[in-house]
Structure formats: structure tokens, C-alpha cells
Amino acid sequence: MEKFKFFNKFKDAVIITNQQKEVVFVNNSFKRIFYDYTDFSRFSHKLNFDFIPFEVENALDFLPINQLFTIHENLSALVSYQQSSGNLLYFDLSSYRKNKYIIMIFSDVTAQINLEKVLNDKTNLEEKYNDVIKEVEKLRMTARTNQTQAVKMTLINKISNIIRESIDSKKILNSALKELATVFGAFRAYYASNITEGFKIEHAFGKEKKDFIGKLVTFDSKVFNDLSNKKTISAMVLREFNEAELFDTPLMRVILPIYHLSNLLGVIVLLSYQKRDMTDEIDILESVSAQIGNAVAQAKLYEDNLKTVEELQKTLKELKDTQLQLINAEKMASLGQLVAGIAHEINTPFASIKSNNAIMTKLIAKIENIDLKEMFSEINSVDNEAVQRVLNLVTSLKKFVRLDEAELQEADINKEIDLTLALIHHETKNKAQIIKHYSQLPMIKCYPNKLNQVFMNILVNACHAIKTKGKIEITTKVEQNNLVVSIKDNGEGIKKEYLDKIFNEGFTTKSSGLGTGLGLAISQKIIDSHHGKIHVQSEFGHGTEFEIIIPIS
């Protein structure tokens with residue numbers, strides 16, 4: 001109709017119908033937008049309102065467009081239109097009643113609706129994205145927690161294994177420092193024990209660790225207060241400890257207090273170039289601290305007990321040595337008293353014999369019978385020689401015991417060996433040929449009577465080892481400022497399994513009643529008192545050699 005042509009100027013689509021639902025006008029925009037429009041009935045089927053009537057008698061009344069004819073008022077609503085392609089277009093529908101006509105204006109809001117949908121979808125996606133980020137963060141936190149727990153369990157297991165495998169505090173601490181340095185990326189780690197003046201570094205790991213052992217370190221009052229409260233301290237610092245030089249750049253320092261019950265045993269210090277948040281790892285360090293504290297305390301207790309046992313063993317050894325010395329001293333005292341008594345008993349009759357020999361010598365000189373004079377002279381000479389031998393033997397015995405010679409004296413060892421040989425002449429005369437290889441020796445400061453005991457014990461044993469006839473070689477010399485005496489025999493020798501036992505007190509290879517097992521044990525103590533050494537080499541069936549080495553000065 002001509003009167004409705006001005007609607008062609010509208011950008012919005014316009015359709016006008018009468019009460020009988022007959023289309024009387026559509027503008028150009030309507031035709032452009034709804035290009036597949038053929039009749040109003042089909043058009044109305046493609047429209048959809050945003051509301052639905054609840055009470056209708058005719059099924060056709062469900063069609064939203066029909067509501068415009070049943071409602072006798074102007075109407076505004078959002079409607080959608082489905083194109084043949086399936087796309088939906090959205091319009092703000094405004095319906096006006098004008099006399100017998102119904103004017104419907106469709107304002108295209110598809111772009112706006114789609115934008116709102118996009119924005120809504122974006123909002124939903126952002127919410128989902130944020131939810132996903134939160135879940136990812138939770139997963140990261142879980143992974144970090146799991147990783148921390150894994151590190152914790154691994155570290156604790158390693159340190160637990162170290163503690164189970166060893167009771168040595170040094171090994172425990174050194175291994176723990178290595179593990180902690182590896183896990184936390186520390187280039188230096190050390191344990192410092194708590195002492196009155198501060199802390200003393202006892203064990204270290206990393207570069208220049210030897211330079212830190214034994215060093216005394218202190219920390220400021222805040223650090224000390226935190227340590228007193230059993231707190232693990234982590235911070236970026238420019239100075240490792242109060243006495244240290246400044247770093248060029250701040251470094252990460254972790255101080256882990258090591259407690260046993262309420263006693264601060266010491267601290268473990270870790271130093272790293274990497275800055276890191278230790279919040280999640282503090283509990284790891286605290287668990288490790290507790291383990292190390294208990295292990296160190298137990299190891300120290302064990303070491304103290306071990307030290308006590310060693311001291312007791314040392315004391316027992318000293319008591320045994322003292323007992324051995326007392327036995328030897330008593331033996332020598334008894335021998336001295338015996339020798340003194342024998343010498344006294346011998347001197348009296350021998351003085352008479354010696355006097356008589358002197359008188360006999362004068363009388364023989366007055367005998368005129370040549371044959372008788374020669375016979376008495378020969379008898380008197382034999383008697384004089386016998387008297388002199390007995391007197392020499394008594395003198396040797398008195399020199400051998402020397403009970404009054406408790407101080408160091410200068411002695412000629414060659415002469416002392418000859419003195420000993422004279423005393424045991426009855427042992428050697430029918431058994432062994434004595435071969436001497438004496439060197440020119442300086443006078444040696446020693447206890448001569450004690451060394452004579454050593455020579456006698458070895459020489460008598462050599463004689464006993466020779467079953468029929470053999471030889472004993474005695475060599476003396478000076479080597480590298482040491483006196484060396486070698487006594488070698490070609491007797492039976494010593495079995496290999498006995499060589500490590502022959503200096504043990506009470507051990508003897510002789511038959512019952514022939515040896516006490518004290519001779520060589522006493523000999524070793526005597527050589528020890530001279531700061532010397534005594535060695536033995538023997539091959540069973542081929543003889544034995546004893547070598548005595550005594551420092552000259």
C-alpha cells in the first residue's frame with residue numbers, strides 16, 4: 001500500500017498484517033533480511049519467542065507469532081528466526097496495533113546477541129581457564145609436595161642407612177654432609193661442635209675443606225637465639241660467620257641446629273650460590289637434624305665407652321707389665337741375695353785357700369829335690385788357676401745382678417756379652433761353638449744388668465734349641481745411630497704358627513718344668529724400656545736369629 005511506503009526508509013525489517021493474518025506490506029529491509037520469505041504462515045513457523053503461553057486450546061496458538069493477534073496490546077519481545085541454512089537470527093520485535101492493522105518491526109540484534117554469547121562463552125572459558133589454572137597449581141603444589149616428600153624420604157633413607165651401617169660419628173657426619181650438600185646444591189657444608197667460645201668446625205665437605213677443620217666460628221646474637229630455640233635458619237648473607245671475610249655477592253646460608261634431647265651438640269652449615277625458598281624443605285632438615293642428633297649422641301657414647309674400654313685395656317696391660325717387672329725384680333733380687341750369700345760363703349774358705357797357696361809357693365821355693373819341687377809347683381799352679389776361676393765367676397755373678405745399678409750407665413756391650421757368656425759357659429761348652437763378630441762399639445748408655453738378662457735369655461734358649469752340637473754367632477755393629485746385636489743359632493728353629501706368640505708372657509715351646517714363658521716377655525719389656533726393638537726370624541728345622549736394635553742417643 002502506498003501509505004506504508006515510508007517504511008522502506010527503515011533499516012529495520014517491517015511487516016504489516018490485518019486482523020485476518022493477511023500480509024498487506026513488507027518493506028525492502030524485510031525482503032533483504034528474510035529473503036526466503038514466501039508466505040506469512042511459513043514465516044511465523046520459523047519465528048520463536050522468548051516466552052510460551054501456558055493455557056492454549058489450539059496447538060497453533062503455540063506459534064509465537066499468533067500471540068500478536070490474540071493480545072490486544074502493543075508487544076515487545078526478543079525473537080529468533082531460523083534461516084533455511086540453519087543459522088539463527090535474533091531480533092527485538094516491536095508490535096503495534098494501528099486501527100485494523102498490526103505493524104511488526106524487527107530490529108536485528110543478531111550481532112549483539114552473538115557478541116553477548118561470545119562474551120558469555122569467553123567468561124565461561126575464562127572461568128574454566130582459571131579453574132584449570134587452579135587445578136594445575138594444585139597439581140604443581142601436589143607435585144612439589146610429592147617431590148619434597150620424595151627428596152625427604154630419599155635423604156632420610158640414605159642417612160638412616162649410613163647410621164645403620166656405622167657407629168662412627170666421623171663417618172656419619174661426613175656422609176651426612178655429602179648427602180645434604182648434594183640435595184641442596186651446596187658448594188660447602190660443615191659440622192661445627194658446640195663449645196664454650198662458640199662453634200668448632202670438626203668435619204667439612206666441599207672446596208678447601210681442609211682449611212676449615214679446627215676453625216672456631218661464631219654467629220650474631222639473633223642467629224644464636226634462633227639456634228637456642230631449635231630453629232633452622234636460612235637467609236641470604238654477605239658473611240658466612242662473624243670472623244669470615246665479606247662475599248662479593250650475597251650467598252644462601254642454611255644453619256641447621258643438631259640437638260640431642262635439650263642439648264645443642266653443634267650446627268650443620270650449608271652454603272650455596274643459588275637463592276631458594278626453603279619453606280617446603282625445613283621439615284626435611286628438621287627430620288634429618290633429629291636423626292643426626294640421635295646418631296651423633298649414640299656414636300659419641302659408643303666412642304666414649306670404647307675409649308674407656310681401651311683405657312681399661314691399657315691399664316690392664318700396664319698392670320701385667322708391672323706384674324712382670326715385679327716378678328723379674330723379685331727374681332733378680334732373690335738371685336742377688338743368693339749370689340751375695342754364695343759369694344760370702346765362698347770368700348771365707350777361698351781366702352784361706354789363697355793364703356795357703358801363697359805359703360805353699362814360698363815353701364816350694366825351699367825344696368831342694370828338683371822332681372819333688374816341679375811336682376808341687378805344678379799342683380800349686382793348678383790350684384791357683386782354679387781359685388782364680390772361682391773368684392772370677394763370683395765377680396761375674398756380682399756384676400750380672402748389679403742390684404745397686406738402677407740408673408743409666410755407660411757400658412761396653414761387647415764386654416757385657418762376654419760377661420753373660422762366662423756365666424752360661426756350663427750351658428755352651430759342650431753344645432755350641434761361640435762365634436763372635438764384634439765391631440768397635442762406642443760406650444752405650446743403658447741398664448747393663450737388664451741387657452745381660454736379655455742376652456742370657458736368648459743365648460740359653462739358643463743352647464736349648466741345639467740338640468747335639470751346633471754353633472751360635474754373635475754380631476755387634478752400629479747402623480744409622482743404632483746399636484744392633486744379632487744372635488743366630490742353627491738349632492731346631494721355631495714353628496711359623498708360634499712366631500707371633502713367643503713374646504707373650506706364659507707362652508713357651510719347652511716341655512713342662514723347663515720353661516716359664518716369662519724370659520722373652522721380660523726381654524721385650526727391657527728392650528722397650530731402652531726405646532728399642534727386638535725382632536725374630538726363624539725357619540723350623542734351620543735355626544733362629546734374634547736382632548736387638550737400641551738407639552745410641
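Above this note sits the structure.
Our subject in this report is the structure included herewith. Everything quoted here is computed from the prediction, not taken from an experiment. Every chain is numbered on its own, with residues counted from 1 as its sequence reads. Thresholds applied to this predicted model are a pLDDT of at least 70 for local features of residues and 80 or more for the giving and counting of side-chain atom pairs; totals over whole chains, interfaces and linings are not thresholded and use all residues. To get the side-chain values, take all heavy atoms of the structure and skip hydrogens and water.

1. Here we look at the overall build of the protein
Scanning the protein for helices and strands turns up twelve helices and 19 strands. Taken across its 553 residues, the protein has 37% of its residues classed as buried. Whether two residues are in contact is decided by their heavy atoms, any of which lying within 4.5 Å being enough. Across the protein, the fraction of contacts at a sequence separation of at least 24, relative to all contacts at a separation of at least 6, is 58%. Computed with a 1.4 Å probe, the accessible areas rest on the Shrake-Rupley method; for each residue, only the protein chains presented here act as cover. Carbon and sulfur atoms form 53% of the exposed surface of the protein, whose accessible area is close to 33500 Å². Strands are runs of DSSP state E lasting at least two residues, helices are runs of H or I lasting at least four, and both sets are numbered from the N terminus onward. Only protein chains enter the area calculation, which uses a 1.4 Å probe; residues under 20% of their type maximum are buried, those over 50% are exposed, and those in between are partly exposed.

2. Re the packing of helix α9 (residues 413-423) against helix α11 (residues 448-465)
Only the stretch in contact is used when fitting a helix axis, every axis being a line fitted to C-alpha atoms; angles between N-to-C directions are given from 0 to 180 degrees. Viewed as axis vectors pointing N to C, α9 and α11 meet at an angle of 55 degrees, and their least axial separation amounts to 9 Å. One finds that α9 runs oblique with respect to α11. Crossing of α9 against α11: the hand is right-handed. For the pair formed by α9 and α11, the contact residues are Ile 413, Glu 416, Ile 417, Leu 419, Thr 420, Leu 421 and Leu 423 on the first element and Pro 448, Leu 451, Asn 452, Phe 455, Met 456 and Leu 459 on the second. Should an angle fall under 35 degrees it is taken as roughly parallel, and over 145 as roughly antiparallel, whereas 65 to 115 is taken as roughly perpendicular and any remaining angle as oblique. Helix crossings are classified by the rotation of the near helix relative to the far one: an anticlockwise turn of less than a right angle makes the crossing left-handed, while a clockwise turn makes it right-handed.

3. What to know about the nonpolar core
Membership of the largest hydrophobic core comes to 35 residues, with the highest contact counts inside it found for Ile 413, Phe 455, Ile 472 and Ile 548. Counting only elements with at least two residues in this core, the list comes to α9, β15 (444-446), α11, β16 (470-479), β17 (482-489), α12 (519-529), β18 (533-539) and β19 (543-551). Counting residues per element, this core draws most heavily on α11, which supplies eight residues. Setting aside anything within four residues of it in sequence, one finds Ile 413 in contact with Leu 441, Ile 444, Cys 446, Leu 451, Phe 455, Leu 483 and Val 485. In this text, buried Ala, Val, Leu, Ile, Met, Phe, Trp, Tyr and Cys residues form a nonpolar core when linked through side-chain atoms within 4.5 Å.

4. Section: the sheet that holds strand β7 (residues 188-195)
Only strands that DSSP links by at least two bridges are regarded as paired with each other. Pairing is antiparallel across the open sheet formed by six strands, whose spatial order is β9-β8-β7-β12-β11-β10. The open sheet has two edge strands with one neighbour each: β9 (216-217) and β10 (233-239). In the sheet, β7 pairs with strand β12 (residues 263-272) via six bridges, with the strands oriented antiparallel. For Arg 188, the partnering residue across the bridge sits in β12 and is Leu 271. Those strands touched by helix α5 (residues 169-184) are β7, β8 (198-206) and β12, and its axis lies near 65 degrees from that of β8. Along the sheet, helix α6 (residues 221-228) contacts β8, β10, β11 (246-260) and β12; its crossing angle with β11, the most-contacted strand, is approximately 30 degrees.

5. Notes on a nonpolar patch on the surface
Residues Leu 115, Val 118 and Leu 119 make up a contiguous nonpolar surface patch of roughly 270 Å² in combined accessible area. Within the element layout of this structure, Leu 115 appears in helix α4 (residues 110-165). Owing to a relative accessible area of 48%, Leu 115 belongs among the partly exposed residues under this scheme. Patch membership needs two things, relative accessible area over 30% and no salt bridge, and members are linked within 9 Å if like-charged or within 5 Å if nonpolar (Val, Leu, Ile, Met, Phe, Trp, Tyr). A pair is scored as a salt bridge if a Lys or Arg side-chain nitrogen falls within 4 Å of a carboxyl oxygen belonging to Asp or Glu.

6. Digging into the pairing of β18
What you see with β18 is a clean split: Ile 534, Val 536 and Ser 538 sit on the buried side and Lys 533, His 535, Gln 537 and Glu 539 on the side with no burial. As paired strands, β18 and β19 are joined by seven bridges and run antiparallel to one another. Bridge pairing links Glu 539 to Gly 543 in β19. Counting the residues in the hairpin turn of β18 and β19 gives three residues, including Gly 541, whose phi is positive at 95 degrees.

7. Points about the sheet that holds β18
Strand order in the open sheet formed by five strands is β14-β16-β17-β19-β18, and the pairing between neighbours is mixed. The two strands at the open ends of the sheet, each matched to only one other strand, are β14 (432-437) and β18. The average undirected angle you get between the axes of adjacent strands in this sheet is 15 degrees. Judged from the eight bridges that link them, β17 and β19 form a sheet pairing that is antiparallel. Bridge pairing in β19 links Asn 482 to Pro 551. Its contacts with the sheet put α11 on β16, β17, β18 and β19, and the angle it makes with β17 is roughly 20 degrees. Across the sheet, α12 is in contact with β18 and β19; its angle to β19 comes to roughly 25 degrees.

8. Brief notes about the environment of Ala 77
With respect to the helices and strands, Ala 77 occurs in strand β4 (residues 75-82). Take Ala 77: its relative accessible area is 9%, and that puts it in the buried class. In the structure, Ala 77 is positioned 29 residues away from Phe 106 in sequence and 9.8 Å away in space, judged by C-alpha atoms.

9. Considerations on the pairing of β16
Every regular strand shows the same layout, with side chains that alternate between the two sheet faces. In this structure, β14 lies alongside β16, joined through six bridges in parallel fashion. Looking at β16, one finds that Ile 435 is bridged to Glu 473. Sheet topology places β16 next to β17; eight bridges connect them, and they run antiparallel. Note on β17: the bridge partner recorded for Glu 479 is Asn 482. In sequence, β16 turns back onto β17 through a hairpin of two residues, with Gln 480 there showing a positive phi of about 50 degrees.

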